[in-house]
Amino acid sequence: MSRVSRGFKAVGFLIKLAFTLLVAFVCGFLLWRIFSSSNPKEMTALSVNDDIYEAYCESGEELYMFTQEQNTVTRAEHNAGYFSITNAVFIPEANQIQIVLRYNNSTIRSLTEDYELSETPPREEDLFDISLFFSVDLTPENTDDNATISNEGTRTFRCSSTQVLSSEKNLYNYRKFVFDLDECGEDIDELIGSGRLLAVYADIYYVEDMELDEEAYGTLCLYDYVTEKKEVKLTSAERKEIEAYKLDD
């Protein structure tokens, strides 16, 4: 074999090797992003309190929970990609909703620019709060007005969280919000069962700008009356935690 042929062969080998390494790097990077963006275990697990424990006992160790497939990422021009709801679970028998908010460090930098802050807040701070916005049908005999909010056709109310948990994972920040609707004087089991609950929205606000009558920093729908409900099963670990709850008192 001539030197020229050996040279071309060596160059070809190097090009092939470089391409293989590039593909491996891209695949590795994508896998890292996928695994790094998954919910931390403490965010995914059901948060247990008195309401969950009592509902679990009353339901014969079966606790009905459901979620819906909704848009999970803010996509408006002013907040595209800022926030994601990675988990939203409705527990009607406990009159409770638990949701997980995720945002990355670039959202904090965007917050600094949007609000013209003097410095970028540390990621450990609780920078955002969520107010749940509910729309209830006042005219169930008329479905034509279900898509609009009006004083005649709908009743609306808000609910604040009673518990917030936090976690971090690589570039992502997580906040888990627990909403007890007993605190709002509402019964979500009755609202859903009657078919009068039209929608539930998660309005995300910067904690220093909690003007609930103004447009939220980000909004995502958690529930609407036409989307299929998907049952969420308790894991064995969650069952054990619920059953051990009173023992820890």
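Data block above holds the structure.
Reference entry: report on the structure contained in this document. (Residues numbered from 1 in each chain as written. Predicted model: local features only at pLDDT ≥ 70, side-chain atom pairs only at ≥ 80, totals over all residues. Heavy atoms only, no water.)

## Structural notes on the pattern of salt bridges
- Tallying each qualifying case throughout the model produces 8 salt bridges.
- With a shortest N-O distance of 3.5 Å, R239 and E62 are connected by a salt bridge. With R239 in helix α6 (residues 236-243) and E62 in the loop between α3 (50-58) and β1 (65-67), the pair connects residues that are 177 residues apart, well separated along the chain.
- According to the relative accessible area criterion, R239 is partly exposed, its value standing at 24%.
- The class for E62 is partly exposed, based on a relative accessible area of 45%. (Salt bridge = Lys/Arg side-chain N within 4 Å of Asp/Glu carboxyl O. Helix = DSSP H or I, 4+ residues; strand = E, 2+ residues; numbered from the N terminus. Buried < 20%, exposed > 50% of the residue type's maximum accessible area, 1.4 Å probe, protein only.)

## Points about the side chain of T74
- Structurally, T74 can be placed in the loop between β1 and β2 (84-91).
- Accessibility expressed as a relative area gives 3% for T74, which makes it buried.
- Only 3.4 Å separates the side chain of T74 from the backbone nitrogen of Y82, close enough to count as a polar contact.
- Dropping the residues within four chain positions of it, T74 is found in contact with N79, A80, G81, Y82, F83, G218, T219 and L220. (Polar contact = N/O pair within 3.5 Å; in protein donor to acceptor, adjacent residues only side chain to side chain. Contact = heavy atoms within 4.5 Å.)

## A word on the packing of aromatic side chains
- Tallying each qualifying case throughout the model produces 16 aromatic pairs.
- When the centroid spacing of 6.2 Å and the interplanar angle of 20 degrees are considered together, the rings of F128 and Y217 count as stacked. Of the two residues, F128 sits in strand β4 (residues 128-137) while Y217 sits in the loop between β8 (197-206) and β9 (218-224), which places them 89 residues apart along the sequence. Residue F128 shares its accessibility class with Y217, and that shared class is buried. (Phe/Tyr/Trp six-rings, centres within 6.5 Å; stacked < 30°, edge-to-face > 60°.)

## What to know about the state of the cysteines
- Enumeration according to the criterion identifies 1 disulfide in this entry.
- Two residues, C159 and C184, share a disulfide whose sulfurs are 2.2 Å apart. Given an S-S torsion of about 80 degrees, the disulfide between C159 and C184 has right-handed geometry. Of the two residues, C159 is situated in strand β5 (residues 154-160) and C184 in the loop between β7 (172-180) and α5 (188-193); the sequence distance between them amounts to 25 residues. (Disulfide = S-S within 2.5 Å.)

From the geometry alone we can't say anything about function, so treat these as descriptive.
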